[in-house]
Amino acid sequence: MAEIYDHRRLEKKWQEEWEKARLYETPDDLAGKENFYALVEYPYPSGDLHVGHWYAFSVPDIFARYKRMQGYNVLYPIGFDAFGLPAENAAIKHKIDPAKWTWENIQRMRTQLRSMGAMFDWSREAVACDSSYYKWTQWLFLKFFEKGLAYRGKALVNWDPVDMTVLANEQVLPDGTAERSGAKVEKRELEQWFIRITEYADRLLEDLGPLPWPEPIKEAQRNWIGKSDGLIFSSPVKDSDLVVETFSAHFEAFTADTFVVIAPDHPLLPQLLEGVPGASDILAAAQEMAAKRRHAGYVAEKEVEGIFTGRYTVDPVGNGELPIWIASYALADYGTGIVKCSAHDERDFVFAKKYGIPLKVTLVPEDPALRKRVEAKEVCYSDMDNGMLLEPRPFAMRKAALARNEIIAYAESKHLAKKTTTYKLHDWLVSRQRYWGAPIPVVYDPQGKAHAIPEEHLPWTLPTDIDFTPTGTAPLARSKELIDRTERTFGKGWRPETDTLDTFVDSSWYFLRYLDPKNTAEFSAIEKQKKWMPVARYSGGAEHTTMHLLYSRFFYKALYDMGLVTELEPYSSRMNRGIILAEDGRKMSKRWGNVVNPDEQVANVGADAVRTYLAFIGPYNEVGSYPWNTNGLIGVRRFLERVAGLAHRASSSESVSERLSILMNQTIKKVGEDIESMKFNTSVSALMIFANELQKMSAVPSEAYSLLIRLLAPFAPHLAEELWHSTGNEGSVHTAPWPAFNASKLEADAVTIGVQIAGKTRGSLTVSRNATEKEALLAAQGDSRLAALIPQSPRRVVYVPGKILNVVP
RNA sequence: GCCGGGAUGGCGGAAUUGGUAGACGCGCACGACUCAAAAUCGUGUUUCCAAAAGAAGUGAGAGUUCGAUUCUCUCUCCCGGCACCA
């Protein structure tokens, strides 16, 4: 086995040869070829390549290589998402410089990535922590600042008590823990830098529509943006100058409103309580309620709590004076944070029952029994789609859903309310109180006003005289070098911004840097962008659906408006890949001791076998989870050995039979089509079928063997290259053209069709592909086994040429 | 609760403008080679029945059809997104 397929020798040899020949350097233009941009998310340099990296990079490489053989000038770049917390945490733990830790990891991972035999164009590598890169991250941030899209503001933000920094909403998991550290996230009111992604909420939503992406990805983004239309009512507060605004998306039964609730942490609350007896006690209780709610898990309890404020609104739509309650379920950061409440909302209903607030029913179901219970206020009825309105007069006895638009028009014409739209999406919090990131390129004058750092001072470099220990204030604040530099550059009393940028800012534009990685005058020249953008195929992890994928779409749209890019969307196609589980079906984890080390596997069976195995493990275009199976890997290795072993049997004097010719054409078609749709598993299966067929022959026609090698080349690039040369071919197999199939030779003339009697399969029959119904029936009647089952004059015969003959007696 | 996706052998999975369900691989069984084992090669492998014949069979139930894994309806369960979101 070793003498026919020594993967260690082959893989080393060809990786060196390819590098020498600069086989994978991609020019911006290649005569007669169309450009094609295949992108994978650049990795964080964590230190060691794991199976997930192999799945993320080596499998899409099959696609990139296929496109190249198809005749495209394919860009398949790589880089490192090199800023971020792990480096800093490692630095604290091991008392080393995060830069050193990161660059050493990058060096190590470059070597490991090279062992994949992928067609990465290393000459275009982008590294986010390199000052030649983050100079442009800073420059882009300043463009946003200039346009008012980056701003400093005070807000209730997520605080990670373990990593001691704020986090964006997108980086907090649904259970209230931090995506990275796993800590329970707290809410704090802080002044931070934000990027105004909400300004683009509508465009991010609308432009999803025509995007040919998988529906689940689009739907997840829609859910995250969370647009809802509703009405805002303005209600004067009784015995006060205050006017409060309430938002409602389900306003159809607006005449049923009997009370108002306000969030316990609502900024207007102190003002509202002014002059109310016992205001300070109420406020303290509200703050306690708010604090309780900030703890993760409060939602699960579902227990509603309320405090009466002593205030009333004068309802603008004639529902009289409505008491204002502080309610634990009211959210300060959704809508206006104040809601008009009625019997037709489950939470309001429960709340009113608990505190004895009167309710009024104006929406009823058709079912009379249920209606009786609703009218008796025994149950809450909130079905706006099917319920019938009792009032107000113009809409009485009509379905609420059908009257919705008219109610909006009615409310607006009478100036009772204003149509409005709210989003769940919040502005993107980009400040981090940590060291290892791009410094926010802002300085403050002695009066505390923020100023952009002029372009000539970029990159505004990270100081190195730093104690990284997180204390909750930014480590940069403790850098004498940075403070001195700021005063030296801008004047006495000026001080630097000391937060760094969220790494998702770095990764929002990396795909543009690959196009022009060495440019010192621009972040990415527009002429270069025009050659490559938009990305033709983007593959990555599902966890980025509402993070990187959303941020970078927003970034791109903002840059479009500034004339810095030329398209509206960065990625014309996107697919989320699945994950590889351990052999035991659980996630790979050091804790379980079930981690598969790809380096060991590569040493054992070779990179080609690992790549091909990962391609074979399941459909790549679905977000599945596939357990690693070492025996499966060995099976693939066996397949490659068989292919290698066939080389001895290849003979140019052997001619291709009609039967083999058909299989060859079928294989070309199947392998190509399935790579195109990223169903690599069935491509590999087709290759196996083809190889198994050749295996049965004592002498293999060279034409067939050469075909097998070319079709295998994207999967097993080293072995294919070796076999390509050892069977006398010139040049690299990876620049050989992808074989074309002959559409007229995909099917043999003689085909086996199924024979059914009354729809039940009873046997099969070999007939001409073009046989008529009469001929097929005659053949069936001539078959000794089938004849007995077939009546002389069947009631009905269904015949689909090449597929089926169904006789209904 | 709302939205999206899914359920096929012992396992990963294949097959849908409706046309022989289980390709390919793993596992397993048997055989060849071997003193033996490993490796390799060959044969078999949905279930029931000793086998043949036959029957059942793609989460459950109904429907449309000559024919349903594929289409329709109802339900169950699993995965993912959103969620005291008014």
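As a reminder, the structure under discussion sits directly above these lines.
Definitions and limits used
- Residues numbered from 1 in each chain as written.
- Chains lettered and ligands numbered in written order.
- Predicted model: local features only at pLDDT ≥ 70, side-chain atom pairs only at ≥ 80, totals over all residues.
- Heavy atoms only, no water.
- Helix = DSSP H or I, 4+ residues; strand = E, 2+ residues; numbered from the N terminus.
- Near = heavy atom within 4 Å.
- Polar contact = N/O pair within 3.5 Å; in protein donor to acceptor, adjacent residues only side chain to side chain.
- Nonpolar A, V, L, I, M, F, W, Y, C, P; charged D, E, K, R; others polar.
- Pairing = 2+ DSSP bridges.
- Right-handed = clockwise from strand over helix to strand, strands pointing away.
- 1 Å grid on protein atoms, 1.4 Å probe; cavity = no way out; pocket = protein on both sides within 12 Å on 5 of 7 lines; lining within 4 Å.
- Points joined across faces, edges and corners; volume = space filled by probe spheres on them.
- Contact = heavy atoms within 4.5 Å.
- Salt bridge = Lys/Arg side-chain N within 4 Å of Asp/Glu carboxyl O.
- Axes fitted to C-alpha atoms, helices over the stretch in contact; angles between N-to-C directions.
- Buried < 20%, exposed > 50% of the residue type's maximum accessible area, 1.4 Å probe, protein only.

Caption draft 1: Quick peek at the environment of R293. Take R293: it is sitting in helix α9 (residues 279-294). When the C-alpha atoms of R293 and D265 are compared, they prove to be 9.9 Å apart, with 28 residues separating the residues in sequence.

Caption draft 2: Representation of the protein's contact with RNA strand B. Taken together, 54 residues sit near RNA strand B, with Y334, K424, R638, T752 and N806 positioned nearest. Counted by atom, the contact set of RNA strand B within 4 Å of the protein is 64% sugar and phosphate. One of the backbone nitrogen or oxygen atoms of H250 is found 2.9 Å away from a sugar or linking oxygen of RNA strand B. Note that a phosphate oxygen of RNA strand B is positioned 3.3 Å from one of the side-chain N or O atoms of N631. Those elements that provide at least two residues to the surface near RNA strand B are α7 (215-225), β9 (243-248), α21 (630-645), α23 (680-695), β30 (750-757), β31 (760-768), β32 (796-800) and β33 (804-808). In terms of residue class, the surface near RNA strand B is built from 23 nonpolar, 19 polar and twelve charged.

Caption draft 3: Fine view of the pairing of strand β2 (residues 72-75). As defined by bridge partners, strand β1 (residues 34-40) adjoins β2 across four bridges and the pair is classed as parallel. What sits directly across from F36, in β2, is V74. You can see the chain leave β1, run along helix α2 (residues 51-69) and come back into β2, and the turn it takes is right-handed.

Caption draft 4: The arrangement of empty space enclosed by the protein in detail. The final tally for this structure, using the stated rule, is one cavity of 30 Å³ or more. Its boundaries defined by the atoms lining it, the largest cavity holds a volume of some 250 Å³. Elements with a contribution of two residues or more to the lining of the largest cavity: α3 (85-94), β6 (165-167), β23 (500-501) and α15 (503-506). Considering only residue class, the lining of the largest cavity consists of seven nonpolar, six polar and six charged.

Caption draft 5: Seen up close, unusual backbone geometry. With omega at 0°, the peptide bond leading from L458 into P459 counts as cis. Note that P459 resides in the loop between β21 (450-452) and α14 (480-490). The omega torsion of the bond from M533 to P534 falls at -5°, within 30 degrees of zero and hence cis. With respect to the element layout, P534 can be found in the loop between α17 (526-532) and β24 (537-541). The backbone of R22 shows a phi angle near 50°, a positive value even though the residue is not glycine. Residue position: R22 is located in the loop between α1 (7-20) and β1. The phi dihedral of D239 is positive, around 60°, even though this residue is not glycine.

Caption draft 6: How the structure looks around the environment of D29. Considering the arrangement of structural elements, one finds D29 in the loop between α1 and β1. Taking C-alpha positions, D29 is 55 Å from I232, a pair spaced 203 residues apart along the chain. The residues contacting D29, other than those within four sequence positions of it, are N73 and K531. Polar side-chain contacts of D29 include one of 3.1 Å to the side chain of K531.

Caption draft 7: Summary view of the pattern of salt bridges. What the rule picks out here adds up to 50 salt bridges. Among the ionic pairs, K227 bridges to D202, the shortest N-O distance being 2.7 Å. Remark: D202 occurs in helix α6 (residues 201-206) and K227 occurs in the loop between α7 and β8 (228-236); sequence separation between them is 25 residues. Counted as one network, the salt bridges with shared partners bring together D28, D121, R124 and K528.

Caption draft 8: Layout of the packing of helix α20 (residues 607-616) against α23. As a packed pair, α20 and α23 sit with axes 6 Å apart at the nearest point and diverge in direction by 115°. Residues T612, A615 and F616 of α20 pack against F680, N681, V684, S685 and M688 of α23. Looking at side-chain class alone, the contact of α20 with α23 contains five nonpolar, three polar and no charged residues.

Caption draft 9: Representation of α3 in the model. Buried residues of α3: L85, A87, E88, A90 and A91, and no others. If you follow the buried residues of α3, they end up packed against α4 (98-114) and β6. K95 sits one or two residues past α3 and shows a positive phi near 55°.

Caption draft 10: Just the side chain of H734, in detail. Residue position: H734 is located in the loop between α25 (717-726) and β30. We classify H734 as buried; its relative accessible area is 2%. A polar atom in the side chain of H734 sits 3.3 Å from the side chain of R65. A polar contact of 3.0 Å, which involves the side chain of H734, links it to the backbone oxygen of P717. Ignoring any residue separated from it by four or fewer positions in sequence, one finds H734 in contact with W18, L23, Y24, R65, R68, M69, A713, P717 and E721.

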